[in-house]
Amino acid sequence: AKRSRHDGRGNSFAIVKEGEVDPQRLGQWMQSIGKLPSDKGTIFRIKAILTVQGHPFKHVFHAVMDISDEEDVGPWQEGEKKISKIVFI
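Everything quoted here is computed from the prediction, not taken from an experiment. (Residues numbered from 1 in each chain as written. Predicted model: local features only at pLDDT ≥ 70, side-chain atom pairs only at ≥ 80, totals over all residues. Heavy atoms only, no water.)

Enquirer: Looking at this structure, I do not really get the overall build of the protein chain. What am I missing?
Expert: Each helix and strand in the protein chain was counted, giving one helix and five strands. N-terminal to C-terminal, the α/β element order of the protein chain is β-α-β-β-β-β. Across the 89 residues of the protein chain, 20% fall into the buried class. Taking as baseline every contact in the protein chain between residues at least 6 positions apart, the subset at least 24 positions apart corresponds to 56%. Here the protein chain displays about 7,200 Å² of accessible surface, and carbon together with sulfur accounts for 52% of that area. (Helix = DSSP H or I, 4+ residues; strand = E, 2+ residues; numbered from the N terminus. Buried < 20%, exposed > 50% of the residue type's maximum accessible area, 1.4 Å probe, protein only. Contact = heavy atoms within 4.5 Å. Areas by Shrake-Rupley, 256 points an atom, 1.4 Å probe, with all protein chains shown as cover.)

Here it is in structure tokens:
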């Protein structure tokens, strides 16, 4: 049997939302996540593709521990369903 290189203490979950995300509320929420006390656990990685209100491009966010980056990766196509998804590990 193939062994995983990860131990069983780590978990992951995703949040998926159809429609546009308010940029101010998103920023406030992300800041609050960054201020979580260590007794609540550790977020090792975040990956997201976001539909930001008033922004015509798909917005991608990556974070590993305390290092993060974000960029636009292309426009939403006409008729394409706008869905935001954030994955936490």
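Enquirer: Looking at this model, I keep getting lost on the pattern of salt bridges. Mind explaining?
Expert: Side chains bearing opposite charge may pair, as long as their charged atoms lie close to each other. Considering all chains together, one arrives at three salt bridges under this definition. For the salt bridge of Glu18 with Lys81, the shortest nitrogen-to-oxygen distance reads 4.0 Å. Linking Glu18 in strand β1 (residues 13–18) with Lys81 in the loop between β4 (67–75) and β5 (83–88), this pair joins segments that are 63 residues apart in sequence. On the basis of relative accessible area, Glu18 is assigned to the exposed category, the value being 52%. (Salt bridge = Lys/Arg side-chain N within 4 Å of Asp/Glu carboxyl O.)

Enquirer: I tried to follow the packing of aromatic side chains on my own but got confused; where do I start?
Expert: Each aromatic ring pair is specified by the distance between its two centres and by the angle formed by the two planes. In the structure shown here, the tally under the stated rule is two aromatic pairs. Here the aromatic rings of Phe13 and Phe88 are separated by 5.0 Å at their centres, their planes lie at 20 degrees, and the arrangement is stacked. Of this pair, Phe13 sits in strand β1 while Phe88 sits in strand β5, and the two are 75 residues apart along the sequence. Aromatic side chains Trp29 and Phe88 sit 5.9 Å apart centroid to centroid with 85 degrees between the ring planes, which places their arrangement in the edge-to-face category. (Phe/Tyr/Trp six-rings, centres within 6.5 Å; stacked < 30°, edge-to-face > 60°.)

Enquirer: Could you clarify how one ought to interpret a negative patch on the surface in this entry?
Expert: On the surface, a cluster of negative charge is contributed by Asp69, Glu70, Glu71 and Asp72. Judged by relative accessible area, which is 47%, Asp69 ranks as partly exposed. (Patch = residues over 30% accessible without salt bridge, like charges linked within 9 Å, V, L, I, M, F, W, Y side chains within 5 Å. Lys, Arg positive; Asp, Glu negative; His and termini not counted. Charge placed at Lys NZ, Arg CZ, Asp CG, Glu CD.)

Enquirer: Is there a simple way to explain the environment of His62 in this structure?
Expert: Residue position: His62 is located in strand β3 (residues 57–64). Once residues lying within four places of it in the same chain are set aside, the contact partners of His62 are Ile46, Lys47, Ile67, Ser68 and Asp69.

Enquirer: Is there a simple way to think about unusual backbone geometry in this case?
Expert: If a residue is not glycine, its phi is most likely negative; likewise, a peptide bond is most likely trans. Although it is not a glycine, Met65 adopts a positive phi angle of roughly 55 degrees. Here Met65 falls in the partly exposed class, since its relative accessible area comes to 48%.

Enquirer: Teacher, can you tell me more about the nonpolar core here?
Expert: A general trend in soluble globular proteins is that nonpolar side chains are found buried together. Listed in full, the eleven residues of the largest apolar core are Val21, Leu26, Ile33, Ile46, Ala48, Leu50, Val52, Phe61, Ala63, Ile86 and Phe88. Elements represented by at least two residues in this core include exactly α1 (23–34), β2 (45–51), β3 and β5. Of all the elements, β2 adds the most residues to this core, at three residues. For Phe88, the residues in contact, after removing those within four places along its chain, are Asn11, Ser12, Phe13, Ile15, Trp29, Ile33, Ile43, Arg45 and Ile46. (Core = buried A, V, L, I, M, F, W, Y, C linked by side-chain atoms within 4.5 Å.)

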